[in-house]
Amino acid sequence: MTSARTINVLGIGGSLREGSQSERALQIALAGAAEVGVGIRMLTGPDLVLPFYDAGEPDRHERAGTLIEAVRQADGLIVVSPGYHGALSGLVKNALDYVEDLRDDQRPYLDGRAVGLAAVAYGWQAAVTTLEQLRTITHALRGWATPLGGAINSAETKFDEGGGASDEKSVRTLRLIGRQVAEFAVTRAA
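Predicted, not measured: the structure shown is a model, and the values here were computed from it.

Enquirer: Describe the nonpolar core, with residues and values.
Expert: Of all hydrophobic cores here, the largest spans 31 residues; its most connected members are L10, I12, L67, V71 and L77. Listed by contribution, the elements that provide at least two residues to this core are strand 1 (8–13), helix 2 (62–73), strand 3 (76–84), helix 3 (90–97), strand 5 (114–121) and helix 4 (124–140). A per-element tally of this core places helix 2 first, with 5 residues. Other than its neighbours up to four places away in sequence, V71 contacts L10, I12, L77, V99, L102, L110 and R113. In this structure, V38, A118, A165 and A182 belong to the second largest nonpolar core, which totals 22 residues.

Here it is as structure tokens:
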């Protein structure tokens, strides 16, 4: 990286269960971003327990303020959601709804930022439909979804505590998603 300013990639996702499969997938994707030399930050589970988003309520919970500011400062994002009943989790969806608070920023919503996306679900149908929903939300928020997205079937792939998985292809895919986000952010900053 040649810029004097640190490029930052924010990871959002996981579930309320510490060490969940989706949280471990997010860690792997962020490790891929870190390989490019960018700063990384992760907000998961308890960080995302927020009041339901209400555009008419100007006061924000402390965690909501932290999330909004982290997104504001991010040059790229990685979002990983578990797939629940064929859709992204309410936890992740509510967090993404808070991006609405950036509507009046100089860089509104996710404008000009790459967003890497992955879904982890017990079965291919839920993994694929969740990834598709994440892409739709990213586009609605003016983000640039990376060319590669990850649909991971947790019935076949198990992530471990050491940053690996039973399926090396899933690890390579997640790391590449992270690298794509970071490389886009670095290129855009130059």
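Enquirer: Quick one: what's the story with the side chain of R24, residue by residue and with numbers?
Expert: Counting through the fold element by element, R24 comes out in helix 1 (residues 21–34). The exposure class assigned to R24 is buried, which follows from its relative accessible area of 17%. Within the local environment of R24, its side chain forms a polar contact with the backbone oxygen of F159, the two atoms lying 3.1 Å apart. Residues within four places of R24 in sequence aside, it is in contact with G19, F159, D160 and E161.

Enquirer: Kindly report on the packing of helix 1 against helix 5 (residues 168–189), identifying the contributing residues and their values.
Expert: The N-to-C vectors of helix 1 and helix 5 enclose an angle of 50°; their axes lie 6 Å apart at closest approach. The angle between the axes of helix 1 and helix 5 places the two elements in the oblique class. Regarding helix 1 and helix 5, the two cross each other, and that crossing is right-handed. Facing helix 1, whose interface residues are A25, I28, A29, A31, G32 and A33, helix 5 presents V171, L174, R175, G178, R179 and A182. Tallied by class, the residues present in the contact of helix 1 with helix 5 amount to 8 nonpolar, 2 polar and 2 charged.

What counts as what
- Residues numbered from 1 in each chain as written.
- Predicted model: local features only at pLDDT ≥ 70, side-chain atom pairs only at ≥ 80, totals over all residues.
- Heavy atoms only, no water.
- Core = buried A, V, L, I, M, F, W, Y, C linked by side-chain atoms within 4.5 Å.
- Buried < 20%, exposed > 50% of the residue type's maximum accessible area, 1.4 Å probe, protein only.
- Helix = DSSP H or I, 4+ residues; strand = E, 2+ residues; numbered from the N terminus.
- Contact = heavy atoms within 4.5 Å.
- Polar contact = N/O pair within 3.5 Å; in protein donor to acceptor, adjacent residues only side chain to side chain.
- Axes fitted to C-alpha atoms, helices over the stretch in contact; angles between N-to-C directions.
- Parallel < 35°, antiparallel > 145°, perpendicular 65-115°, else oblique.
- Left-handed = near helix turned anticlockwise from the far one by under 90°.
- Nonpolar A, V, L, I, M, F, W, Y, C, P; charged D, E, K, R; others polar.

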